[in-house]
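One letter stands for each residue in the lines below.
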Amino acid sequence: DVKVTQSSRYLVKRTGEKVFLECVQDMDHENMFWYRQDPGLGLRLIYFSYDVKMKEKGDIPEGYSVSREKKERFSLILESASTNQTSMYLCASWRRNTGELFFGEGSRLTVL
Amino acid sequence: EDKVVQSPLSLVVHEGDTVTLNCSYEVTNFRSLLWYKQEKKAPTFLFMLTSSGIEKKSGRLSSILDKKELFSILNITATQTGDSAVYLCAPTNFGNEKLTFGTGTRLTIIP
């Protein structure tokens, strides 16, 4: 079974803190994604990556950056957390040939 | 800019009813259309559609794609309470392989 593991299920941070959200997949997929999910707004794409060291902005990249130094790991970074970044963050890994997108369990971030 | 619009935004039906969920899209270099079901946790994969007019079926769920009119529908027959969820669609493209989801349709099945 494909496994996508997000390092933290729940985090509470203060405004201005730097936040790292880690995501690891074990199926050698090239494509990985970071989304945030908020009530009424659905899943919104923050950043995605289609190869090591390659990254592309999604629909709402402001306030975020990412790192993909190894194929299996895709990290989301909030350089200076703000209260409007309180959200559920979902990482996903894509099996391109079948179209299946595998999600991690999510990281619920609260910024105070 | 890519667009994905799902309708209706929410739907409440009785158990046993049949429902049709819609997904329209605009994307450059279209590759496929994905459908997902999301209950309380992360979305789970339902279908991938690449060809127009060919129905994909899994139990009571089926889906079809119209690449000319740029939409897809997801049908659920004989609905059950376990079908209550948010249903999401996402077109994929050749090139940057961006995966953008629609806002989803929240389906509620009343026993």
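The rules behind the values
Position numbers for residues start from 1 in each chain and track the written sequence from start to end. Written order decides the labels, with chains lettered from A and ligands numbered from 1. Reporting in this predicted model follows two pLDDT cut-offs: at least 70 for local features of residues, and 80 or more for side-chain atom pairs to be given and counted; totals over whole chains, interfaces and linings ignore these cut-offs and use all residues. Working from all heavy atoms in the structure, the side-chain values ignore hydrogens and water. Per the convention used, a helix needs a DSSP run of H or I reaching at least four residues, while a strand needs a run of E reaching at least two, with both numbered from the N terminus. The size measure is the radius of gyration over C-alpha atoms, and the globule rule it meets is 2.2 Å times the number of residues to the 0.38 power. Only protein chains enter the accessibility calculation, which uses a 1.4 Å probe; a residue is then buried when its area is under 20% of its type maximum, exposed when over 50%, and partly exposed in between. Any two residues whose heavy atoms approach within 4.5 Å are treated as being in contact. Each accessible area is a Shrake-Rupley result for a 1.4 Å probe, and residues are judged covered by the shown protein chains and nothing else. For the purpose of charge, His is not counted, nor are the chain termini; Lys and Arg are scored as positive and Asp and Glu as negative. One atom stands in for each charge, and that atom is NZ of Lys, CZ of Arg, CG of Asp or CD of Glu. The term salt bridge refers to a side-chain nitrogen of Lys or Arg lying within 4 Å of a carboxyl oxygen of Asp or Glu. Buriedness of a pocket was judged along seven lines, with at least five required to meet protein on both sides within 12 Å; pockets are open sets of points on a 1 Å grid over the protein atoms alone, cavities are sets where a 1.4 Å probe fits but cannot get out, and lining residues have an atom within 4 Å of a point. Grid points are joined across faces, edges and corners, and a volume is the space filled by probe spheres set on the points. Ten residue types, Ala, Val, Leu, Ile, Met, Phe, Trp, Tyr, Cys and Pro, are classed as nonpolar, four, Asp, Glu, Lys and Arg, as charged, and the remainder, Gly among them, as polar. Pairing of aromatic rings covers Phe, Tyr and Trp, the last counted by its six-membered ring, and requires centre-to-centre distances within 6.5 Å; plane angles under 30 degrees mean stacked, over 60 mean edge-to-face, and any other angle means tilted. We call a charge positioned above a ring when the Lys NZ or Arg CZ atom is no farther than 6 Å from the ring centre and deviates by at most 35 degrees from the ring normal. Paired strands, in this sense, are two strands between which DSSP finds at least two bridges.

(A) Representation of the overall build of chain A in the model. The secondary structure content of chain A amounts to zero helices and 12 strands. Ordering the α and β elements of chain A from the N terminus gives β-β-β-β-β-β-β-β-β-β-β-β. Against the compact-globule benchmark of 13 Å for 112 residues, chain A has a radius of gyration of 13 Å, which places it among compact chains. A principal-axis box enclosing the C-alpha atoms of chain A has dimensions of 40 × 30 × 25 Å. Taken over 112 residues, chain A has a buried fraction of 48%. Taking the intrachain contacts of chain A between residues at least 6 apart in sequence as the baseline, contacts between residues at least 24 apart amount to 54%. Just so you have it, chain A exposes about 5400 Å², and 48% of that area is on carbon and sulfur atoms. In chain A, 17 side chains carry a positive charge and 16 a negative one; their mean positions are 4 Å apart.

(B) Local environment of the pattern of salt bridges. Residue and element names in this part refer to chain A. In total, this model carries 12 salt bridges over all chains according to the counting rule given. Among the ionic pairs, E79 bridges to K18, the shortest N-O distance being 3.5 Å. With E79 in the loop between β9 (73–78) and β10 (87–95) and K18 in the loop between β2 (10–13) and β3 (19–21), this pair connects stretches of sequence that are 61 residues apart. The network of salt bridges with common partners includes D28, E30 and K71.

(C) Focus on the layout of surface pockets. A volume near 660 Å³ is recorded for the largest pocket. As for the largest pocket, its lining consists of 28 residues, of which Q37 of chain A together with Q38, E39, V86 and R106 of chain B are closest to the centre. Only β5 (31–38), β10 and β12 (107–111) of chain A together with β9 (85–93) and β10 (105–110) of chain B provide two or more residues apiece to the lining of the largest pocket. Its residues assigned to classes, the lining of the largest pocket shows 10 nonpolar, 10 polar and eight charged. Size it by volume and the second largest pocket reaches roughly 300 Å³. If you go around the second largest pocket, you meet 14 residues; those closest to its centre are F102 and F103 of chain A together with A42, P43 and T44 of chain B. Elements represented by at least two residues in the lining of the second largest pocket include exactly β11 (100–103) of chain A together with β5 (44–49) of chain B. At four residues, β11 of chain A tops the list of elements feeding residues into the lining of the second largest pocket.

(D) Local environment of the packing of aromatic side chains. Counted under the stated rule, the structure contains 11 aromatic pairs over all chains. Measuring from centroid to centroid gives 6.4 Å for F33 of chain A and W94 of chain A, while their planes differ by 70°, and the two rings are edge-to-face. Separated by 61 residues along the polypeptide, F33 of chain A in strand β5 and W94 of chain A in strand β10 bring together distant segments of the chain. Of the two residues, F33 of chain A and W94 of chain A, neither departs from the other in class, the shared state being buried. Their ring planes at 20° and their centres at 4.7 Å tell us that Y25 of chain B and F30 of chain B sit as a pair that is stacked. In this structure F30 of chain B comes out as buried when scored by relative accessible area, which is 17%. In this structure an aromatic cluster arises from ring pairing among F33, Y35, F48, W94 and F103 of chain A together with Y36, F45 and F101 of chain B. Its end group placed over the ring of F74 of chain A, R68 of chain A keeps NZ or CZ at 6.0 Å from the ring centre.

(E) Main features of the pairing of β12 of chain A. Residues and elements named next belong to chain A. Only one face of β12 is covered, namely the one carrying S107, L109 and V111; the face carrying R108 and T110 has none of its residues buried. Where β2 and β12 come together, four bridges link them in parallel fashion. When the sheet's bridge partners are listed, K13 is paired in β12 with V111. Pairing geometry for β10 and β12, over three bridges, is antiparallel. Bridging across to β12, S87 finds its partner in L109.

(F) Region of interest: the side chain of T105 of chain B. Residue and element names in this part refer to chain B. With respect to the helices, strands and loops of the structure, T105 is situated in strand β10. T105 sits in the buried class, given a relative accessible area of 0%. With residues near it in sequence (within four places) discarded, T105 still touches Q6, S7, P8, L9, L21, A85, V86 and Y87.

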